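Below, each chain spelled out in residue letters.
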Amino acid sequence: MKSILENRPALKEEVEKIAEVAGYLWTNGWAERNGGNITVNITDLVDDDIRQMPAITEPIVIGEKLPHLRGCYFFCKGTGKRMRDLARRPMDNGSIIRILDDCEHYEIIADNPVMPTSELPSHLLVHDKQVETGSGYKATLHTHPIELVAMSHHRPFLKKDVLTRLLWSMIPETKAFCPLGLGIVPYELPGSVKLAEGTLNALADYDVVLWEKHGVFAKGTDIMDAFDQVDVLSKSAKIYIDCRAMGFEPEGMSDEQMKEMTRAFHLPK
């Protein structure tokens, strides 16, 4: 069967970027078995022929009414699919979906009837808010960075902005490239409405949130932007843990040094 990517270089490039990030997640050890999810709004890359493309499934209920996603298109990692396989064969381990006019159902249009992640409603809730606010964020990423998850098991780190300040202080790039810091979402059952609502609330102030004892959820202008923010936070977490493993508490950048960075690079915080 002809792939939807054929003769569509911009769409192909976007899916290849998703595959590249999936490979990074696997090689970093952040995507055990079928762990993690990726969902990207590709509506801007859709042409009239795609809009006329027949569905390859019956309409599927989302479980939420998402009024700002009417007629939107998304690439979604498949449920039960492994990131390492998504990296090699993205259109066999993910699919492209279309949100129907009732804003409560979607249908799969390409390439194969691969059911999206079971956490699709949570991802789409975030996308709905991004479209509503015109934020320009197109990608959502959920993954399990080892050191960040480890730090979420220490209760004092879960107070507001404690980890943000700590991780920013480990290396200047973290503050520069994750300028909103790290939000915290207290533990909730994976895939639950409470987890989705907590994530949506936290993402009003942060681009990356840490799910206690679980993983992170990030939004970005594209999937590489979302990955990069998690990557720099993870680097800082590794530096901190390495310092502790060597037997000392790292000094970190001072408040004045971080304020200097804020002024020099015109950062929001």
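Basis of the calculations
- Residues numbered from 1 in each chain as written.
- Predicted model: local features only at pLDDT ≥ 70, side-chain atom pairs only at ≥ 80, totals over all residues.
- Heavy atoms only, no water.
- Helix = DSSP H or I, 4+ residues; strand = E, 2+ residues; numbered from the N terminus.
- Buried < 20%, exposed > 50% of the residue type's maximum accessible area, 1.4 Å probe, protein only.
- Contact = heavy atoms within 4.5 Å.
- Polar contact = N/O pair within 3.5 Å; in protein donor to acceptor, adjacent residues only side chain to side chain.
- Salt bridge = Lys/Arg side-chain N within 4 Å of Asp/Glu carboxyl O.
- Pairing = 2+ DSSP bridges.
- Axes fitted to C-alpha atoms, helices over the stretch in contact; angles between N-to-C directions.
- Core = buried A, V, L, I, M, F, W, Y, C linked by side-chain atoms within 4.5 Å.
- Phe/Tyr/Trp six-rings, centres within 6.5 Å; stacked < 30°, edge-to-face > 60°.
- Lys NZ or Arg CZ within 6 Å of the ring centre and 35° of its normal.

A.B. asks: How should I be thinking about the environment of Trp-26 in this particular structure?
C.D. replies: Here Trp-26 is to be found in helix 1 (residues 9-27). For Trp-26, a relative accessible area of 37% corresponds to the partly exposed category. Discounting chain neighbours no more than four positions away, the residues touching Trp-26 are Ala-31 and Arg-84.

A.B. asks: Looking at this model, I keep getting lost on the side chain of Thr-140. Mind explaining?
C.D. replies: Assignment of secondary structure puts Thr-140 in strand 6 (residues 139-143). Among the polar contacts listed, one links the side chain of Thr-140 to the side chain of His-127, at a separation of 3.3 Å. Those residues in contact with Thr-140, other than ones at most four positions away along the chain, are Asn-37, Ile-38, Thr-39, His-123, Val-126, His-127, Phe-217, Ala-218 and Ile-223.

A.B. asks: Which parts of the structure should I look at to understand the pattern of salt bridges?
C.D. replies: Pairing between side chains of opposite charge can happen when the charged atoms of each approach one another. Counted according to the given criterion, the structure contains 17 salt bridges. In this structure, Arg-88 engages Asp-85 in a salt bridge whose closest nitrogen and oxygen atoms are separated by 2.3 Å. Here the residue Arg-88 and the residue Asp-85 both occupy positions in helix 3 (residues 83-88), the gap between them amounting to three residues, near one helical turn. With relative accessibility at 55%, the residue Arg-88 sits in the exposed group. The network of salt bridges with common partners includes Glu-14, Lys-17 and Asp-222.

A.B. asks: Explanation requested: the sheet that holds strand 5 (residues 105-110) in the structure shown.
C.D. replies: Within a sheet, adjacent strands bond to each other through the backbone by hydrogen bonds, running parallel or antiparallel. Taken in spatial order, the nine strands of this open sheet run 2-5-4-3-1-6-9-8-7, and their pairing is mixed. Edge strands, defined here as strands with exactly one partner in the open sheet, are strand 2 (60-61) and strand 7 (182-185). Set on the sheet, helix 1 makes contact with strand 1 (37-41), strand 3 (73-77), strand 4 (94-99) and strand 6; between it and strand 1 the angle comes to about 160 degrees. Each of strand 1, strand 3, strand 4, strand 5, strand 6 and strand 9 (215-220) is contacted by helix 4 (residues 120-133), which is oriented at about 30 degrees to strand 1, the strand it contacts most.

A.B. asks: I'm lost on the nonpolar core in this one. Help?
C.D. replies: Most often, soluble globular proteins keep nonpolar side chains buried together rather than apart. Counting residues in each nonpolar core, the largest one holds 47 residues, and the members touching the most others are Ile-4, Leu-25 and Ile-38. A total of nine residues in this core trace back to one element, the largest contributor, which is helix 9 (residues 223-245). Those residues in contact with Ile-4 that sit more than four places away from it in its chain are Leu-11, Ile-50, Met-53, Met-91, Ile-96, Ile-109, Ala-110 and Asp-111. One finds Ile-62, Tyr-106, Leu-124 and Ala-196 within the second-largest nonpolar core, a separate group that totals 15 residues.

A.B. asks: I would appreciate a short explanation of the packing of aromatic side chains in the present structure.
C.D. replies: Both the distance between ring centres and the angle between the ring planes are used here to describe each pair of aromatic rings. As enumerated under the stated definition, the model contains four aromatic pairs in all. Centre to centre, the rings of Trp-211 and Phe-217 are 5.8 Å apart; their planes meet at 25 degrees, and the pair counts as stacked. The structure contains a cluster of three or more aromatic residues connected by ring pairs, namely Tyr-24, Trp-30 and Phe-227. The side chain of Lys-175 reaches across the aromatic face of Trp-168, ending 3.7 Å from its centre.

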